[in-house]
Structures are given as structure tokens and as C-alpha cells.
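Observations on the model geometry
Residue-level listing of the chains:
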Amino acid sequence: MSSSSTPLLLHACCGPCSLEPVHLLREEGFEPTILWSNPNIQPAAEHDLRLATLLTWADQVDLPVIVGSCDRTAWEKSAALAGFNREQRCRACYALRLAELCHVAKERGFTHVSTTLVVSPYQLFDVCHDVLERLTVAQGLTMVWRDFRPWYSEATVHSRELGMYRQNYCGCRFSAAEATVERHERRDERRREKLAKRRTTMEAEHVIR
Ligand code: SF4
């Protein structure tokens, strides 16, 4: 790492989502340190698996990791209260995790902060921006905000190549339920399309005979 690089505390939601931001931020001249604080991830075994995945990779790429607080009670008292109101729930969830990012940054002398949350197109980009902006302004920190979403497919391919564990829901129990419903809806849609195609073929064959 160059002596002129700028230290940056990077909140990471998981290993796969950290790949491209770390690479791109390093290319820009930042020296990222990961901050892990994700009390939203349920169940606890899933949380531990995602953390272990991140730590294994971080060790391979010489990336320091700070494990911050995991206040599950605070998450239940804020984000969980919004239930299936996605925007309200995610706003509270981002606020909790990114407040810990800013807290640790101040405590450890970082001036620049960012988050890997914005790699995934499934996250609420503008809500996340709003939350981090408010927190950094209040704490006198510099928000390094980048739109990492165009690198989501690279992250998907790269994490598969590395054999990383890849989850299929954001993290909380609500997101697990929402993801299951969405998968079923997509499957039903595919079935409907298949049936419609078959019906069209049968009708065409009937006309020809
Ligand atoms: S969907 Fe993701 S960001 Fe939103 S509350 Fe659940 S874990 Fe947090």
C-alpha cells in the first residue's frame, strides 16, 4: 500500500459484496479497513457463516477487519418494528449499522467512510445514501459515496470463482420471507409462460391438421 493512500473505514455487509468496492477503492488510492457490524443477519448461524467467509477472504488479500458491535436487541427495537414496510425497515437497519461505522471511525481516527451495501441492486440506494450522508455530516466525517451497482455481476462471477458462500436473501427474517415469495412468483411466471407457449403450439398444430 502506498504511503500516500487515504485510510478509509468500509462497512461490509458480506464477503461477495466487498470484492469490487475494495478493489475499486484501492485503485482510487484509498486504504480500506473493513468494519463488520451486521446485527440484521438472521439466524445467528447465518451471521457467523457470512462473517467467516469475509474473514477468510480478507486474510487472503491482506485486508484488515474490525468486528464492531452486533446489537440484535437494538435491531429488534428499531428495524424489526417496521415489519414488511421495506423502506422504513431498511432505513432503520442501515441507520443502526452505519451509525456503528461512524462511531468506530471516530474512535479509531478514520476521516473517510463508505459501505459495500451499495453494490447490490436489491438495496435501497437512495435511502442508504440519505442515511449515511446524515450520519457523516453529524459526525464531521467524509462520506466516500460510489455507485458500485454496475460491478454487481463482476462480484457475482468473481465470488463464484473464489468458491465463496453466497446468500440468497439480504439478511433479516423479513428479507428471507420476501425473497422466498419473489422466487415463487418468478417460478409461477415461468410456468405460465411455458403453458401459454404449449397452448399456442397445440392450437397451431390443430389448425394445420
Ligand atoms: S432487507 Fe436487508 S437492509 Fe432491509 S432490514 Fe432486512 S437485512 Fe436490513
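The preceding data block contains the structure.
Scope of this entry: the structure provided in the associated data block. Computed from a predicted structure; not experimentally measured. Every chain is numbered independently, its residues counted from 1 as its sequence is written. In keeping with the model being predicted, local features are shown solely for residues with a pLDDT of at least 70 and side-chain atom pairs are shown and tallied solely at 80 or more, while totals for entire chains, interfaces and linings include all residues. Only heavy atoms go into the side-chain values, all of them from the structure, while hydrogens and water stay out.

Quick look at the pattern of salt bridges now. Salt bridges are counted wherever a side-chain nitrogen of Lys or Arg sits within 4 Å of a carboxyl oxygen of Asp or Glu. In total, this model carries nine salt bridges according to the counting rule given. For Glu46, the salt bridge is made with Arg50, and the minimal N-O distance between the two is 2.7 Å. Here Arg50 and Glu46 lie together in helix H2 (residues 44-60), a separation of four residues that amounts to about one turn. For the residue pair Glu46 and Arg50, the accessibility class agrees, reading buried in each case. Glu189 is paired through a salt bridge with Arg192; the nearest N and O atoms lie 2.9 Å apart. Within this pair, Glu189 and its partner Arg192 are both found in helix H7 (residues 173-208), separated by three residues, close to a single helical turn. Classification of Glu189 by relative accessible area gives partly exposed; the value is 35%. Here the salt bridges do not stand alone but share partners, grouping Arg91, Asp130 and Arg134 into one network. In this description a helix means any DSSP run of H or I spanning at least four residues, a strand means any run of E spanning at least two, and both kinds are numbered starting from the N terminus. Relative accessibility decides the category of a residue: with a 1.4 Å probe and only protein chains considered, values under 20% of the type maximum give buried, values over 50% give exposed, and everything between is partly exposed.

With that settled, the discussion passes to helix H5 (residues 125-139). Multiplying 1.5 Å by the residue count of a helix minus one yields the expected span of that helix. Counted at 1.5 Å a residue, the expected span for H5 with its 15 residues is 21 Å, and the 21 Å between its end C-alpha atoms agrees. Note on contacts: a residue pair qualifies if any of its non-hydrogen atoms lie within 4.5 Å across the two residues. Structurally, H5 contributes buried residues whose contacts are with helix H4 (86-108), strand S4 (112-115) and strand S5 (142-143).

This paragraph deals with the sheet that holds strand S3 (residues 65-67). When DSSP finds two or more bridges between a pair of strands, those strands are recorded as paired. Taken in spatial order, the five strands make up an open sheet running S3-S2-S1-S4-S5, and their pairing is parallel. In this open sheet, the two strands that pair with only one neighbour each are S3 and S5. Where strand S1 (residues 6-12) lies against S4, four bridges are found, and the strand directions are parallel. Bridge pairing in S4 links Leu8 to His112. Axis definition: a line fitted to C-alpha atoms, limited for helices to the stretch in contact. Angles are taken between N-to-C directions and run from 0 to 180 degrees. H5 contacts S4 and S5 of the sheet and is inclined by roughly 160° relative to S4.

Time to look at H4. Compared with the 33 Å implied by 1.5 Å per residue over 23 residues, the 33 Å span of H4 between its first and last C-alpha is a close match. For H4, every residue scored as buried is listed here: Arg89, Cys90, Cys93, Tyr94, Arg97, Leu98, Glu100, Leu101, Cys102, Val104 and Ala105. Just downstream of H4 lies Gly109, where phi reads positive at about 85°.

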